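Below are the chains, spelled out letter by letter.
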Amino acid sequence: MAGSVNMPGALALGDLKATTSVRLGRGGALAIDNSGTGSVAQITVAGTLNVAGLSAGTGPMTCGALSTSSASVGSGGQVRCDVGSAPAPALCFGVDRTTGLYRSAAAAVSFASGGTESLRVGSTVSALVPLTTNSNTFACDALTCGALSCASIASAGDITQTRYSLRLFKNASLPVANSTISPVTWDAVETSGGGAVNWPFTPGSVFITCPAAGRYLVAYQIMFATGAATIRDTWVEINSPGGTLGLVRRYAERSLGSTGTDPYMCGGCFTYQFSAGDTIGVAVFQGTGGTLNMGSSGNQTCEFGAVRLSE
Amino acid sequence: MAGSVNMPGVLAIGDLPTTTSVRLGRGGALVVDNTGTGAAGQVSIAGALSAASLDFGSSPVTCSTLSAGSVAIGSGGVVDCDVGSASAPALYFGPAPSTGLYRAAAVTGVASGGVELLRAGSTVSVFAPLDATGSAFSCGAMTCGALSCASLASAGAVTQPRYSLRVTKNGNQTVTSGAVTALIWDVAEVVGGGATNWPFTPGSTLLTCPKDGKYLFALDVAIFFNDLMGVAWVEINPPGGVPGSSRRYGEASLISSSGGSNWVSGGSFTYQLSANDTILAAVFQTSGSVRNVGISGHAQTAFSITRLSE
C-alpha cells in the first residue's frame, strides 16, 4: 500500500489469533498523540517490551521489579527506599536480604546484620553490638561506660572513684589501768583532715568495722599523760576474738620507754588487705604502777586514720 | 479511510528506508494481544522509546544502565544492590565510585577512597580513627589500649596491677652487740596481703623492687630484751647488699627503759623506687650481749612495702 493510512477506528493486524507484527523502517517512529479528545492514549504490552533505550523524560516511570546492571540518579535526585526493617532492610546487597540498611525510627537509619539491628545513626550514633576500632584511636569528649578494661590510663586530671577513709580522735582523757591491756575508745570523727568518707562510725566505739574490701593504710598515734619512766606499749589488732584485745597478732606495735618527765607520744602505721566487715581495734598498755590517763591534752591527742589505697 | 484495516500479514509502512510513522489519536491504543497461539507478542524498538510517563504495572523491567532524576521504591520493596567491594562499593554517591556502601563478609561495609572504614555486623568494627570529639560517648563494658583523658571518674573500683609485699619473721635472729645486722625475712605474710606481683625468696635480706613507682614502707621490729640502745632502719640499694654505709630511711632509735619488756618499734616512709632497686632492713644494738630479733608472743618483726602510684 503506498502512502499513508489514516483511519478513525482501530488498526487490527491479522486476526489477532496468529503472530503478527508492525514494523517501522529505520527512522520510523510510533507516536502516541494525545492531542485529541478522549482518554489518554497508551501502549499496552502483555509480553516483553524490548527497547535499546527508554526515556520518560522528566515524567515518572512505574514498574514492579527493576533489574539493572547499574543505576545512576541525576544531580539533585534522591533514591527513596521504602522504610524496611531489621529482618528486611530496604537496601541490601547480593543475595542476603537480611543485611543492609533501613529506617529504624524518625530521623534514624540503621544497619542490619542477619536480621538484627547493629548500628543506628540518628541524633545519636548507637552501636547495638560490640564496637571495636581495631587498634585505631578513639577520641571523644565525655566518656561514660560500664566496666573499663584497658592497657593503661593517663589522665591529665584527677582519677576519682568511691573512696573509703576514716579519721578519729579522742577529745577527752581515758584512764588506763596499770599492767592491763586496755582498748582505746574513739570519741569523735575528726572532720578536719578528712573525717569519715563512706565509713560509718559510732562515737565511743572501740572497734572500727571495715566498710569495703581492699588494701588499707592504717596509722595511729597515742598520747599518754606524763607518768613514771616505764613501759608504754601500743598496737593495732585485726579481728580480735570475741572483741577481746591482747589475743592475736599485733600490728605497728610500739613498745617503748617513757622519759618520765613529758607526755608520751608514739604511733605507727602499716598496710593490710582487709575484707569488708573486718574489725580494727587499738590497744594500749602501761606499767607505771598506777592508773595513767591517755587521750587528749592541749594540742596533743590520740588519733586513728585508715585510708583505702586500692581494691 | 473509514473503518478498520484488517490484514493477516505484516503491515509494512512506507518502504522502510524512509521515515514513516504510526500515529494513534487520543484514546487510541497499541495493543499486543497474547491471547492467541505461537510466540508471545512483543514490541521491539531498535531506537529509543520516549514517553511522558511509563507504567509497567507490577511487571519487571530489565535494562543495562538506569539513569533517573530520582528513584522511589514502593511499600515493601527492596533495593537489592550487587555485593560490591571496598574498591568498588555497590552503592555510592556523586562522582566518587570508591566511596559508598557494599557487602563485606556477610555484613554491610562502608568504604572511603576504596578502603574499608566501617563494618556493621555482629560487631561494629571501625578501621580508621573514631572521632566523637565534641560529643559524649556512652557504652557498656569497654576494652581499649592506652586511654588518655582529661579526668576519670569511676562509680566502682579502679583496678590495675598492684605491687606489694608483706614479709615477716617466723623465728628469732641473733643480733650481735655493736654490729649492723641485716634482717632476714623468713616468709611472706599471707594474712593481710602477702606478696602481690612481687617475687620473694624466703630467707632473703634484700628485697628487689619489681616495678617503678612511689612506695610506702612500714617496718616493725621486735627485739628482746630491755637494757639496750636499739636502732632499726631501711636502706635502698645498699652497696654490695651490705647495710651500714648508705642513707637510712624510717629509722627508729631509742634507749629502752621499759624495765624488762621487749622493745618494739619501727618507722615508715615513702620512696620513688625504680624497678630492680634493692631494699634492706637493718638493726643495731649496743646491749653488750647477743640479742634476738623476731617474734615473741603477739609482738612481731614485719616489713610491708606497698606501691601507691606510678
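Everything discussed here concerns the structure shown above.
The following refers to the structure shown. Here the residue numbering is sequential within each chain, running from 1 through the sequence in written order. To read the labels, note that chains go from A and ligands from 1, taken in the order they are written. For a predicted model such as this one, the threshold for reporting local features is a pLDDT of at least 70, and the threshold for listing and counting side-chain atom pairs is 80 or more; totals across whole chains, interfaces and linings nevertheless cover every residue.

### Describing the overall build of chain A
Threshold: Only runs of H or I of at least four residues qualify as helices and only runs of E of at least two qualify as strands under DSSP, and these elements are numbered from the N terminus. Any residue whose C-beta has 12 or fewer other C-beta atoms within 10 Å is treated as exposed, any with 20 or more as buried, and any in between as partly exposed, C-beta atoms being built from the backbone. By the convention adopted here, residues make contact when the C-beta atoms placed from their backbones lie within 7 Å.
What chain A contains, in helices and strands, is zero helices and 33 strands. Each of the 311 residues in chain A was classed as buried or not, and the buried ones make up 31%. Of all intrachain contacts in chain A linking residues separated by at least 6 positions in sequence, the fraction that spans at least 24 positions is 60%.

### Regarding the sheet that holds strand β9 (residues 91–93) of chain A
Using the following cut-off: Paired strands are those between which DSSP finds at least two bridges. Axis definition: a line fit to C-alpha positions, over the contact stretch in the case of helices; interaxial angles, taken between N-to-C directions, run 0 to 180 degrees.
Taking strand neighbours across the sheet as the criterion, the six strands line up as β13(A)-β12(A)-β11(A)-β10(A)-β9(A)-β9(B) in an open arrangement whose pairing is mixed. Taken across any chain shown, the strands that pair with only one partner, and hence form the sheet edges, are β13 (125–127) of chain A together with β9 (79–81) of chain B. Neighbouring strand axes in the sheet, compared pairwise and without regard to direction, differ in orientation by 25 degrees on average. In terms of strand pairing, strand β11 (residues 108–113) of chain A meets strand β12 (residues 116–121) of chain A through five bridges, oriented antiparallel. Looking at β12 of chain A, one finds that valine 109 of chain A is bridged to valine 121 of chain A.

### Quick notes on unusual backbone geometry
Despite not being glycine, asparagine 134 of chain A has its phi angle at roughly 50 degrees, a positive value. Checked against the element boundaries, asparagine 134 of chain A lands in the loop between β14 (131–132) and β15 (138–140). Phi at alanine 106 of chain B is positive, roughly 70 degrees, even though this residue is not glycine. Locating alanine 106 of chain B in the fold gives a position in the loop between β11 (96–104) and β12 (107–112).

### Quick word on the nonpolar core
Quick note on the threshold: By convention in this section, buried Ala, Val, Leu, Ile, Met, Phe, Trp, Tyr and Cys residues joined through C-beta atoms within 7 Å make up a nonpolar core.
Counting residues in each nonpolar core, the largest one holds 74 residues, and the members touching the most others are Val218, Val236 and Met294 of chain A together with Leu219, Ala281 and Val283 of chain B. Within the second largest apolar cluster, 26 residues are counted, among which are Ala90 and Tyr102 of chain A together with Tyr102 and Ala111 of chain B.

### Regarding the pairing of strand β10 (residues 96–105) of chain A
All names here are of chain A. With three bridges connecting them, β9 and β10 associate as antiparallel partners. The partner of leucine 91 across the bridge, within β10, is leucine 101. The loop that links β9 with its antiparallel partner β10 comprises two residues; one of these, glycine 94, has a positive phi angle of about 60 degrees. The turn joining β10 and β11, which pair antiparallel and follow one another in sequence, is formed by two residues; a positive phi near 60 degrees is taken by alanine 107.

### Some thoughts on the pairing of strand β17 (residues 148–155) of chain A
Counting buried positions along β17 of chain A yields zero of eight residues, so the element is predominantly exposed. Note that β17 of chain A and strand β17 (residues 142–149) of chain B share seven bridges and pair parallel. Note that in β17 of chain B the partner of cysteine 150 of chain A across the bridge is cysteine 144 of chain B.

### Considerations on the sheet that holds β11 of chain B
The six strands lie next to each other as β14(A)-β14(B)-β13(B)-β12(B)-β11(B)-β10(B), forming an open sheet whose pairing is mixed. One side of each edge strand has no neighbouring strand; the edge strands of this open sheet are β14 of chain A together with β10 (91–93) of chain B. The pairing of β11 of chain B with β12 of chain B spans five bridges and is antiparallel. Paired with arginine 103 of chain B across the bridge in β12 of chain B is threonine 108 of chain B.

Functional significance is not addressed by these values, which are geometric in nature.
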